[in-house]
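Structure at a glance
Next come the chains, spelled out residue by residue.
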Protein chains: 4
Amino acid sequence: MIKIPVAILGSTGYTGAELIRLIENHPVFEVAHLGAHSQAGKMAGEVMPGCAGKIADMRLAAADAELPEDVALVFTALPHGAAANSVKKALDAGKKVVDLSADFRHQSHDTYRAAYGVEHPHPELFSEAVYGLTEFSRQQVASGRLIANPGCYPTSSLLPLAPLVKTGLLDTSSIIIDAKSGASGAGRSANVGLLYCELNESVKAYGLPRHRHAWEMEEWALGFGGEPVKVRFVPHILPMNRGMLTTLHLSGQDTGSWHGVLQETFANEPFVRVLPAGVLPSTAGVSGSNRCDIGIAVLGEHEAVIVSCIDNLLKGASGQAIQNANLMFGLDETMGLSMHALWP
Amino acid sequence: MIKIPVAILGSTGYTGAELIRLIENHPVFEVAHLGAHSQAGKMAGEVMPGCAGKIADMRLAAADAELPEDVALVFTALPHGAAANSVKKALDAGKKVVDLSADFRHQSHDTYRAAYGVEHPHPELFSEAVYGLTEFSRQQVASGRLIANPGCYPTSSLLPLAPLVKTGLLDTSSIIIDAKSGASGAGRSANVGLLYCELNESVKAYGLPRHRHAWEMEEWALGFGGEPVKVRFVPHILPMNRGMLTTLHLSGQDTGSWHGVLQETFANEPFVRVLPAGVLPSTAGVSGSNRCDIGIAVLGEHEAVIVSCIDNLLKGASGQAIQNANLMFGLDETMGLSMHALWP
Amino acid sequence: MIKIPVAILGSTGYTGAELIRLIENHPVFEVAHLGAHSQAGKMAGEVMPGCAGKIADMRLAAADAELPEDVALVFTALPHGAAANSVKKALDAGKKVVDLSADFRHQSHDTYRAAYGVEHPHPELFSEAVYGLTEFSRQQVASGRLIANPGCYPTSSLLPLAPLVKTGLLDTSSIIIDAKSGASGAGRSANVGLLYCELNESVKAYGLPRHRHAWEMEEWALGFGGEPVKVRFVPHILPMNRGMLTTLHLSGQDTGSWHGVLQETFANEPFVRVLPAGVLPSTAGVSGSNRCDIGIAVLGEHEAVIVSCIDNLLKGASGQAIQNANLMFGLDETMGLSMHALWP
Amino acid sequence: MIKIPVAILGSTGYTGAELIRLIENHPVFEVAHLGAHSQAGKMAGEVMPGCAGKIADMRLAAADAELPEDVALVFTALPHGAAANSVKKALDAGKKVVDLSADFRHQSHDTYRAAYGVEHPHPELFSEAVYGLTEFSRQQVASGRLIANPGCYPTSSLLPLAPLVKTGLLDTSSIIIDAKSGASGAGRSANVGLLYCELNESVKAYGLPRHRHAWEMEEWALGFGGEPVKVRFVPHILPMNRGMLTTLHLSGQDTGSWHGVLQETFANEPFVRVLPAGVLPSTAGVSGSNRCDIGIAVLGEHEAVIVSCIDNLLKGASGQAIQNANLMFGLDETMGLSMHALWP
């Protein structure tokens, strides 16, 4: 099969490493360039213990190195702010881009400023960026050249939320999202707060009063559901590497019908599984896979709890990025993403 | 100092072992009898690795063995249902009792039946049982002979909740409690679902649609706060031994004043610490101590998030049991409970 | 591609679940039958959280159910003793077998008795069983109909050990093997000693004075190396799901040459990687992959430490089973086994 | 009781925090001064989550701040090299010192240089420093003014080793020490290699070919045992906060008598427990306590395995420091150290 050379910028963080892992096992994409910041000049295998085979011996290019001409697709796994400039450069060089940062997830500069507290260097690109929550934007992704890969919390929240918003049965003013994430979601920077002994055997909430992803959730619950939505969002960090469990405390009408709505919405989706009514998922059931498992418990006619599980590095980041990239190049959406959860 | 001999029934589970640990370090209480079920006949040190010193060589008595005459106080750390009969027997023999099971936490047989799905063998004792959430029932505990030690989830929830209910500022119809517990809360029975590899690197919700502790919370939020209260309660189990973090998603009036209400309520409490406004606790800060740490984040005039952390085996079970026992015998409430968190 | 239907007996343990996961992603093998003991009658997805897709809805057959006629290959992931009878039955029905138990790893009934303390029901099959440490017995595996899949500890130990034994430079009378295994190696039975809270935040040695795998190591170090060998072997269980790190404390001659011996031996092996001299592996670098990473530190002319890492469920069990099965059916040895480590 | 004011220099690392915890619960010592480096100026409670009560509001002094006059004892929990200068200053100011660094553990400058690769600023103090492995140097500790608190690995190794060396039954040329430590032993510095996701679900060896503690072990095995000793020492880091398990692979004569030697040696020791023959300890049995648990498995007449467990922050560091300090001030050696293991 003809190979499509791709570049990964920001390749030594956890999402970058996961992109490498997935692409190494992908029948069509092929890693042709790895960009790094502080680790530039080293071999990939030196800084990422899971990295083996010939890619372990690929040298990490500087962050601003020119991209090889034959690279057709660039994954940017860079901090917000820094990503936008690399995205612009890649687009100008004629590449397609899947951006894993938050830089192109918003439609207005005002919302971006509110959420991230900085000016955006390239707001002119907002209009053509496609928000790649694949299940809800397949057509646009397929024809896009710049995909904004959704955040992990928005992915796990919006998949069950948007279809319910659309029904009009959900009370969109009282949505409470209590999310729990594995530590890899916090990134790979040298920070005392992320040391093993600081996170192990402990749990804490963070990002209050308003985490950045709240804006993203509200914007796209509206975008995909068609109704203004308000979320109260509290994320927590847990002592585990991977996995994200999002508990949605919801109110509305006719909650008995919600399970059917979700089942119907996702009946043919390869990566979203709605569990039987009353059965709730665990993150162990999805870790290492690109799947989102959704369960619902009806508490009463007007109240329900929905639990949604993803692997934050797969469906919450690099897996969904590959899913989007597959569509951008006319490939089968599931290509290279068929592994089941690594359990236990 | 004169010693007070005590008995522990159900001594080989995690709460039983924690009682032993605490009493071994207590200046007045002294372990005089250990009752066990399946492990009866063995030495304490054989079945509890943390158990050392002379108590390691104490033989475990059968569950129904007669209690030594000089035992003045019995801790029952038995499954609900089983506990009630042992409590009755101990009271009849003239002992005081702190019951760590759920058998005497409810004031009506109907609520007990609803929550536990069984008939209670001794409902006649309900009226004299004191619900020992110590901070709110000190007087009654001091003069009680049967203390119902609160559940771990109700303890961490009610400490911040009851004072706010009392103010009338809290919307008592929209309380959402999303709790996260370490695995020791699930007990020490041979159950595939509790194996290391089943819980490690994973998180899940359980106990839906209505966990037993929801009844206990509603009953005592009313009892201590004086207003009928409705809670939506979703517990989760986390990959850590100890620790419980409870996130309360609350609505109401004048949320800006709530921090002050909590500060005032707990200003002189030895075991409850209200953190500065906006600072949220982690379970690492309380594990190994009998403390409850409470933080609040105000989201808006009508919305707030309160996070409450305890060690489920201490303030959530055996620590609070000692705290209550201290009061029952006229001892300093903090006796034997002064250790800070074991961190990290 | 034409599919080869396979059966898994003992499919609900951790090695059984891992076989399912690997076969689901295998281009040629296809799960046609799942046998189970206590869980028979349930759906696969009910008892294995990671199990999704159509296989989740496959019903678990009874342990002694007849195998479908078109099944060409049977994986037996059963306890030793029980496995032998199933193996016999499958062979008699004309199937090929990869046995993951210890039942056919020994060449003499005496050694089996010494190691396992029981009589073997079918010692007549010993002579045709092939010990499938693939790298050292490729030819025999390819033509075998009964493969004894090696134990996890012997796999991680023998890969570096056997080539050194062969050189004559290793002192074969002073081999000390100190091994550390993740908890999945202890299996999935309802046992208090395997509960989360018993293993978490702790480490212990077990299996002394002589663990069963010591016999297997000595037999095959001799078998592959050609010299009688004596090992002192101490296994430990660690608080992690997967991964095995084996530290070999070795003495001998000309230790400076050992790194070269290992490099040469494994130069073309797809699943064994010898790290640069002085670099030592971690289990994180191999978990989720079928790889064995080997590092050596020379302490002096006569002393060296070798560290060998595998994922106990992959190269230490189900991965190597697939590797062997590939050879038995003339397939590429790496088929379905190309995933890199899941890191972090 | 009259209080003795103490200072802790390097108070915000894990050993410093553990000293605070222990002293807060000590009947005689009282924290009067906390010195810190990068965190100076902050409150103790801000940087150490477990720190509560009045000490949480104590401000951290600069590393070189003058010590209060009434401080009688200084604990230095500083990096080697830095510690020596602070020790000198404290001694000159008339304080007693327990130094938790490696700076005064060696008797010759040459050994120090070999192990640490730097010049020592105050070798003139070597002669008066007492190596405080309390069980073996009680008299000297009691009359010392500078105690070199032993390293964690040497403590867990020397306790069982030294008495056996003394018997002459141990082959002192073939001692192999394979040690496993929790992550807190690696300290609290902002280092990517110590991040949660780098250490969790993994194990690795480090410090080869010769870890610094090997010199310390050999020097004091000789010192306490009276025979020149050679150790091969390989430390590993495990995914857990606390705990150290040391496996000693030993050879010699009459191994059947070794259990008795250890039992006799430690018969009256409050903090060392020799388990029944054949029973091996786990770190869970000692974590949170100042105890060392020792087990022995005899493999043959000439071979034995000894397993020794401590909490690296207690008997391996801060606990032993308090034990030594108690002796220096004529207090009961066990004062403030009586807590059993926090289990689970």
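This one's a predicted model, so the numbers in the text were calculated from it and none came from an experiment. (Residues numbered from 1 in each chain as written. Chains lettered and ligands numbered in written order. Predicted model: local features only at pLDDT ≥ 70, side-chain atom pairs only at ≥ 80, totals over all residues. Heavy atoms only, no water.)

Turning next to the overall build of chain A. A count of helices and strands for chain A gives 10 helices and 14 strands. Rg of the C-alpha trace for chain A: 19 Å, near the compact-globule value of 20 Å for 344 residues, within the 12% margin. Counting only C-alpha atoms and orienting by the principal axes, one finds that chain A spans roughly 60 × 45 × 40 Å. The 344 residues of chain A split such that 65% are buried. Contacts spanning at least 24 positions in sequence make up 70% of the contacts within chain A whose residues lie at least 6 apart. Of note, chain A has its 25 positive side-chain charges centred 4 Å away from the centre of its 34 negative side-chain charges. (Helix = DSSP H or I, 4+ residues; strand = E, 2+ residues; numbered from the N terminus. Rg over C-alpha atoms; globule rule 2.2 N^0.38 Å. Buried < 20%, exposed > 50% of the residue type's maximum accessible area, 1.4 Å probe, protein only. Contact = heavy atoms within 4.5 Å. Lys, Arg positive; Asp, Glu negative; His and termini not counted. Charge placed at Lys NZ, Arg CZ, Asp CG, Glu CD.)

What follows covers unusual backbone geometry. Omega for the peptide link from C:Leu208 to C:Pro209 comes to 5°, which places this bond in the cis form. Even without being a glycine, A:Asp254 presents a positive backbone phi close to 50°. Here A:Asp254 is to be found in the loop between strand 11 (244-251) and helix 9 (258-266). With a relative accessible area of 40%, A:Asp254 lands in the partly exposed category.

With an RMSD of 0.0 Å, the fit of chain B onto chain D corresponds to turning through 180° and sliding 0.0 Å along the axis. Such a combination of turn and shift is consistent with a two-fold rotation axis. Both copies present the same face, since 97% of the interface residues in chain B are matched by interface residues at the equivalent positions in chain D. (Least-squares fit on C-alpha atoms with pLDDT ≥ 70 in both.)

As a further point, take the relation of the copies chain A and chain B. Both copies of the chain are related through a single rotation about an axis accompanied by a shift along the same axis. Between the two copies, chain A and chain B, the superposition gives an RMSD of 0.0 Å; the rotation angle is 180° and the shift along the axis is 0.0 Å. Interface overlap between copies: 100% of the residues of chain A at the interface are likewise at the interface in chain B, consistent with a symmetric, same-surface contact.

Now for the interface of chain B and chain D. In this complex, chain B contributes 34 residues to the contact, which on the side of chain D involves 33 residues. A combined buried area of about 3000 Å² lies between chain B and chain D, and 62% of that area is made up of carbon and sulfur atoms. The tally of links between chain B and chain D comes to 0 salt bridges. On inspection of chain B and its partner chain D, the count reaches 10 residue pairs in polar contact (both at pLDDT 80 or more). Take the side of chain B that touches chain D: its biggest share by element is 5 residues, from helix 1 (residues 14-24) of chain B. Per-class residue counts for the side of chain B that touches chain D are 15 nonpolar, 11 polar and 8 charged. (Buried area = accessible area lost by both parts, 1.4 Å probe. Salt bridge = Lys/Arg side-chain N within 4 Å of Asp/Glu carboxyl O. Polar contact = N/O pair within 3.5 Å; in protein donor to acceptor, adjacent residues only side chain to side chain. Nonpolar A, V, L, I, M, F, W, Y, C, P; charged D, E, K, R; others polar.)

What follows concerns the pairing of strand 8 (residues 175-181) of chain C. All names here are of chain C. Counting buried positions along strand 8 yields 7 of 7 residues, so the element is predominantly enclosed. Relative to strand 10 (residues 231-237), strand 8 runs parallel, the two being bridged by 7 bridges. Opposite serine 181, over in strand 10, you have isoleucine 237 as the bridge partner. One ladder, built from 6 bridges, connects strand 8 with strand 11 (residues 244-251); its direction is antiparallel. In the strand pairing of strand 11, serine 181 is matched with methionine 244. (Pairing = 2+ DSSP bridges.)

The next subject is the domain arrangement of chain A. Residues and elements named next belong to chain A. Segmentation of chain A into domains returns domain 1 (4-128) and domain 2 (152-312). Using C-alpha coordinates to define each centre, domain 1 is positioned 26 Å away from domain 2. Facing the 17 residues of domain 1 at the interface are 11 residues of domain 2. Note on domain 1 versus domain 2: buried area summed over both sides is about 1300 Å², and carbon and sulfur give 46% of it. In terms of surface lost to domain 2, no three residues of domain 1 exceed Tyr14, Arg105 and Gln107, which account for 41% of the buried area on that side. Between the two partners, domain 1 and domain 2, sit 8 residue pairs in polar contact (both at pLDDT 80 or more). When contributions to the side of domain 1 that touches domain 2 are tallied by element, the ones reaching two or more residues are helix 1 (14-24) and helix 4 (109-116). Tallying contributions element by element places helix 4 first for the side of domain 1 that touches domain 2, with 4 residues. For the side of domain 1 that touches domain 2, the per-class residue count stands at 7 nonpolar, 7 polar and 3 charged. (Domains from an automatic or database assignment.)

Our focus in this paragraph is the side chain of B:Asp103. Residue and element names in this part refer to chain B. Of note, aspartate 103 is situated in the loop between strand 5 (96-99) and helix 4 (109-116). At 8.4 Å, arginine 105 is the nearest oppositely charged side chain to aspartate 103, a buried residue that forms no salt bridge. Reaching out from aspartate 103, the side chain makes a polar contact with the backbone nitrogen of glycine 81 at a distance of 2.8 Å. In terms of polar contacts, aspartate 103 uses its side chain to reach the backbone amide nitrogen of alanine 84, at 2.8 Å.

As a further point, take the packing of helix 4 of chain B against helix 8 (residues 212-225) of chain B. Residues and elements named next belong to chain B. Put simply, helix 4 and helix 8 touch, their axes get as near as 7 Å, and they point 150° apart. In this view, helix 4 runs roughly antiparallel relative to helix 8, as classed from their interaxial angle. In this structure, helix 4 meets helix 8 at a crossing whose hand is right-handed. Contacts between helix 4 and helix 8 pair Thr111, Ala114, Ala115 and Tyr116 from the former with Arg212, His213, Trp215 and Glu219 from the latter. Of the residues in the contact of helix 4 with helix 8, the class split is 4 nonpolar, 2 polar and 2 charged. (Axes fitted to C-alpha atoms, helices over the stretch in contact; angles between N-to-C directions. Parallel < 35°, antiparallel > 145°, perpendicular 65-115°, else oblique. Left-handed = near helix turned anticlockwise from the far one by under 90°.)

Right, let's get into helix 10 (residues 314-328) of chain C. All names here are of chain C. For helix 10, spanning 15 residues, the distance from its first C-alpha to its last is only 18 Å, which falls clearly below the expected 21 Å at 1.5 Å a residue. Along helix 10, the helix axis deviates most sharply at glutamine 320, where the bend reaches about 45°. The element helix 10 is largely enclosed, with a buried count of 15 among its 15 residues. Phi for glycine 330, located one or two positions after helix 10, is positive at around 70°. (Expected span 1.5 Å × (residues − 1). Bend = angle between axes of the 7 residues up to and from the residue.)

The next thing to look at is a negative patch on the surface. There is a patch of like negative charges on the surface, built from A:Glu30, A:Glu66, A:Glu69 and A:Asp70. For A:Glu69, the position within the fold is in the loop between strand 3 (61-62) and strand 4 (73-76). (Patch = residues over 30% accessible without salt bridge, like charges linked within 9 Å, V, L, I, M, F, W, Y side chains within 5 Å. Areas by Shrake-Rupley, 256 points an atom, 1.4 Å probe, with all protein chains shown as cover.)

Opposite the 40 residues of chain A that make contact, chain B presents 40 residues. Carbon and sulfur atoms make up 62% of the area that chain A and chain B hide from each other, which totals about 3200 Å². The largest share of the area that chain A buries against chain B comes from A:Glu201, A:Val203 and A:Arg232, three residues that together contribute 19% of it. Connecting chain A to chain B are 6 salt bridges. Residues B:Glu303 and A:Lys230 are paired through a salt bridge, measuring 2.8 Å at the closest nitrogen-oxygen approach. At the boundary of chain A and chain B, one finds 22 residue pairs in polar contact (both at pLDDT 80 or more). Of all elements in the fold, only strand 8 (175-181), helix 7 (196-199), strand 9 (204-205), strand 10 (231-237), strand 11, strand 13 (292-300) and strand 14 (303-310) of chain A reach the threshold of two or more residues within the side of chain A that touches chain B.

Residues and elements named next belong to chain A. Inspection of the entire model under this criterion finds 46 aromatic pairs over all chains. Arranged with centres 6.2 Å apart and planes meeting at 90°, the rings of phenylalanine 104 and phenylalanine 126 form a pair that is edge-to-face. Residue phenylalanine 104 is found in the loop between strand 5 (96-99) and helix 4, and its partner phenylalanine 126 is found in the loop between helix 4 and strand 6 (130-131); the two are separated by 22 residues along the sequence. Each member of the pair, phenylalanine 104 together with phenylalanine 126, is buried. Members of the aromatic cluster, connected to one another through ring pairs, are Tyr131, Phe136, Trp220, Phe224 and Phe266. Geometry around tryptophan 215 places arginine 210 over its ring, the cationic atom sitting 4.4 Å from the centre. (Phe/Tyr/Trp six-rings, centres within 6.5 Å; stacked < 30°, edge-to-face > 60°. Lys NZ or Arg CZ within 6 Å of the ring centre and 35° of its normal.)

It is worth spelling out the pattern of salt bridges at this point. Residue and element names in this part refer to chain A. The tally for this structure, following the rule as stated, stands at 76 salt bridges over all chains. In this structure, arginine 273 engages aspartate 293 in a salt bridge whose closest nitrogen and oxygen atoms are separated by 2.9 Å. Here arginine 273 is found in strand 12 (residues 272-274), whereas its partner aspartate 293 is found in strand 13, with 20 residues between them in sequence. Since its relative accessible area comes to 22%, arginine 273 is described here as partly exposed. According to the relative accessible area criterion, aspartate 293 is buried, its value standing at 2%.

All names here are of chain A. An order of 9-10-8-11-14-13-12 is seen for the 7 strands of this open sheet, with the pairing classed as mixed. Because the sheet does not close on itself, it has two edges, and the strands there are strand 9 and strand 12. Bridge count for strand 12 against strand 13 is 3 bridges, and the pairing is parallel. In the strand pairing of strand 13, valine 272 is matched with cysteine 292. Sitting on the sheet, helix 6 (residues 152-167) is in contact with strand 8, strand 10, strand 11, strand 12, strand 13 and strand 14, with an inclination near 35° to strand 11.

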